[in-house]
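# Tertiary structure, described
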Amino acid sequence: MIANNLLGFFKTNNLVWGTLVIALILLSILAIVFLIGWKVNRTYPQSVEGLFRELKERYDRGEISKKEYEDIKRDTFESVFQLKNYLKLFK
């Protein structure tokens, strides 16, 4: 008797359980997207600063010429600017 009542409970509440499972999946996906976005936004400026610092150090050591330094700096700045605009779409 108890098994029939329990089985009947799950049969009549499939919509509720299904909705809860879907909500849990969606919340998990949103949490993952949020954490990835937070991590990217948190580390993004530091990595760009490090890139420019290393580029300057290579130029100072004479590993690259002034023209190479300026070209790399310009190309990197343009790429960073494009990436920044792309990331704005997801905020």
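This section reports on the structure supplied with the text.

Conventions we followed
- Residues numbered from 1 in each chain as written.
- Predicted model: local features only at pLDDT ≥ 70, side-chain atom pairs only at ≥ 80, totals over all residues.
- Heavy atoms only, no water.
- Helix = DSSP H or I, 4+ residues; strand = E, 2+ residues; numbered from the N terminus.
- Buried < 20%, exposed > 50% of the residue type's maximum accessible area, 1.4 Å probe, protein only.
- Areas by Shrake-Rupley, 256 points an atom, 1.4 Å probe, with all protein chains shown as cover.
- Patch = residues over 30% accessible without salt bridge, like charges linked within 9 Å, V, L, I, M, F, W, Y side chains within 5 Å.
- Salt bridge = Lys/Arg side-chain N within 4 Å of Asp/Glu carboxyl O.
- Phe/Tyr/Trp six-rings, centres within 6.5 Å; stacked < 30°, edge-to-face > 60°.

### Things to note about the overall build of the chain
Regarding its fold elements, the chain presents three helices and zero strands. Tracing the chain from N to C terminus, the helices and strands come up as α-α-α. In the chain, which comprises 91 residues, the proportion classed as buried is 10%. Total accessible area computed for the chain in this model is approximately 8,100 Å², and 68% of it derives from carbon and sulfur atoms.

### Quick notes on a nonpolar patch on the surface
A cluster of nonpolar side chains, contributed by Val21, Ile22, Ile25, Leu26, Ile29 and Val33, occupies part of the molecular surface with about 560 Å² of accessible area. Counting through the fold element by element, Ile29 comes out in helix α2 (residues 14-61).

### So, the packing of aromatic side chains
For the coordinates displayed, the defined rule picks out one aromatic pair. Where Tyr59 meets Tyr69, the ring centres are 4.8 Å apart and the plane angle is 25 degrees; that geometry is what we call stacked. One end of the pair, Tyr59, is in helix α2; the other, Tyr69, is in helix α3 (residues 66-88), and ten residues separate them in sequence. Classification of Tyr59 by relative accessible area gives partly exposed; the value is 26%.

### Observations regarding the pattern of salt bridges
A complete count under the given rule lists seven salt bridges for this structure. In this structure, Lys56 and Asp60 form a salt bridge, with 3.1 Å as the shortest nitrogen-oxygen distance. Of the two residues, Lys56 and Asp60 both sit in helix α2, four residues apart, roughly one turn of that helix. A salt bridge links Glu63 to Arg58, with the nearest nitrogen and oxygen atoms 3.2 Å apart. Beyond isolated ion pairs, a larger network of salt bridges with shared partners links Lys67, Asp71, Arg74 and Asp75.

Scope: geometric values only; no functional claims are made or implied.
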